[in-house]
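# Tertiary structure, described
Each chain, letter by letter, is given below.
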Amino acid sequence: MKKLLMLALCALLFVPSTYAKSLRDKKEQGLKLDGHAGISLSTVSRSLDSKNEMANFIVGPKLGLGASYAFIKKLSVKAELNYVQRGFADDHNTWLHSESGRTTTRIHNIEVPVMLSWRNQVNDNVSMHFGGGAFFAYGFKGNTVTNFKDGLEKDKLNYDTFEIGKLSHNNCGLALDFSLMYQKTFVGIRYNLGLSNMSDNSKLDLKMKSHAIDFCIGYRFK
């Protein structure tokens, strides 16, 4: 008799839990839209004549919209349309001045990541999302600024990156993503590894690859 009562109790606990989980999975399916904003830490790695170096990181803003579609329970495909500012910085001595300076390159990008995402439901309110895929970016504007150590306005150089810097407008690579969602609000971190050569200088065998770590907060509208 006790065994029957225990089995009945387990069934009473299991059935509502299973039903709630089924409802939650069903609710997560379909098209979901979100908005997000944050910052991007970005730099480039360079390879020239078997010498490799990494430039300094810079910080830039990120703003975008996302759309995801869950086609089977926990697996979904996600695409975004982002504006993000990326680039890199170099500390150096320049032959134009006897002083040291810093050259900062900032590239304004329209970026489209496309990823597969796996959802792990922690409880009714919290879920973790693991994603991976590719990104495609187009740099529509860029500027390179050199500030010299004395900080005087006359000792500042500012020019168009794509006209003089000989960088490619196009960039693509791999993206790895993790986000933590509470109800409809989420925080996320993403690593972008550029695979295409950003250098467009035909005179040099220079290879430049982008690296970026993005932090964002967002809200899912649906």
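What you are looking at is a predicted structure, and each value in this text was computed from that prediction instead of being measured.

### Some details on empty space enclosed by the protein
- Applying the stated rule across the entire model yields two cavities of 30 Å³ or more.
- The computed volume of the largest cavity comes to approximately 420 Å³.
- Taken together, 31 residues line the largest cavity, and the ones lying closest to its centre are S68, K78, S117, H129 and S179.
- When residues of the lining of the largest cavity are assigned to their parent elements, the largest contribution, five residues, is made by strand β1 (residues 30–48).
- For the lining of the largest cavity, the residue count by class is ten nonpolar, eight polar and 13 charged.
- Each pocket or cavity is described by its volume, and for the second largest cavity that value is around 140 Å³.
- Taken together, 19 residues line the second largest cavity, and the ones lying closest to its centre are R86, I107, N109, N171 and M198.
- For the lining of the second largest cavity, the secondary-structure elements that each account for two or more residues are β1, β4 (75–93), β5 (100–121), β6 (126–148), β8 (170–182) and β10 (207–220).
- Here the lining of the second largest cavity is built from residues that sort into seven nonpolar, eleven polar and one charged.

### Details of the pattern of salt bridges
- Within this structure, the stated rule accounts for eleven salt bridges.
- A salt bridge links E80 to R190, with the nearest nitrogen and oxygen atoms 2.8 Å apart. Residue E80 is found in strand β4, and its partner R190 is found in strand β9 (residues 185–194); the two are separated by 110 residues along the sequence. Exposure class is identical for E80 and R190. Each is buried.
- Between R102 and D91 there is a salt bridge, with the nearest N and O atoms lying 2.7 Å from each other. Here R102, found in strand β5, pairs with D91, found in strand β4; they are eleven residues apart in sequence, far enough to count as distant.
- What makes R102 partly exposed here is its relative accessible area of 33%.

### Examining unusual backbone geometry
- Even without being glycine, Q183 reaches a positive phi, approximately 55°.
- Summarising the element assignment, Q183 is placed in the loop between β8 and β9.

### Overview of the nonpolar core
- Residues V44, A55, F88, I107, F162, L167, M198, L206 and M208 constitute the largest nonpolar core, which totals nine residues.
- Excluding residues within four positions of it along the chain, L206 makes contact with R46, S47, L48, N197 and S199.

### Remarks on the side chain of H36
- Tracing the backbone shows H36 in strand β1.
- A distance of 2.8 Å separates a polar atom in the side chain of H36 from a polar atom in the side chain of N82.
- Residue contacts for H36: discarding those within four places in its chain leaves K62, L63, G64, L65, G66, E80, N82, F186, C216, I217 and G218.

Basis of the calculations
Residues numbered from 1 in each chain as written. Predicted model: local features only at pLDDT ≥ 70, side-chain atom pairs only at ≥ 80, totals over all residues. Heavy atoms only, no water. 1 Å grid on protein atoms, 1.4 Å probe; cavity = no way out; pocket = protein on both sides within 12 Å on 5 of 7 lines; lining within 4 Å. Points joined across faces, edges and corners; volume = space filled by probe spheres on them. Helix = DSSP H or I, 4+ residues; strand = E, 2+ residues; numbered from the N terminus. Nonpolar A, V, L, I, M, F, W, Y, C, P; charged D, E, K, R; others polar. Salt bridge = Lys/Arg side-chain N within 4 Å of Asp/Glu carboxyl O. Buried < 20%, exposed > 50% of the residue type's maximum accessible area, 1.4 Å probe, protein only. Core = buried A, V, L, I, M, F, W, Y, C linked by side-chain atoms within 4.5 Å. Contact = heavy atoms within 4.5 Å. Polar contact = N/O pair within 3.5 Å; in protein donor to acceptor, adjacent residues only side chain to side chain.

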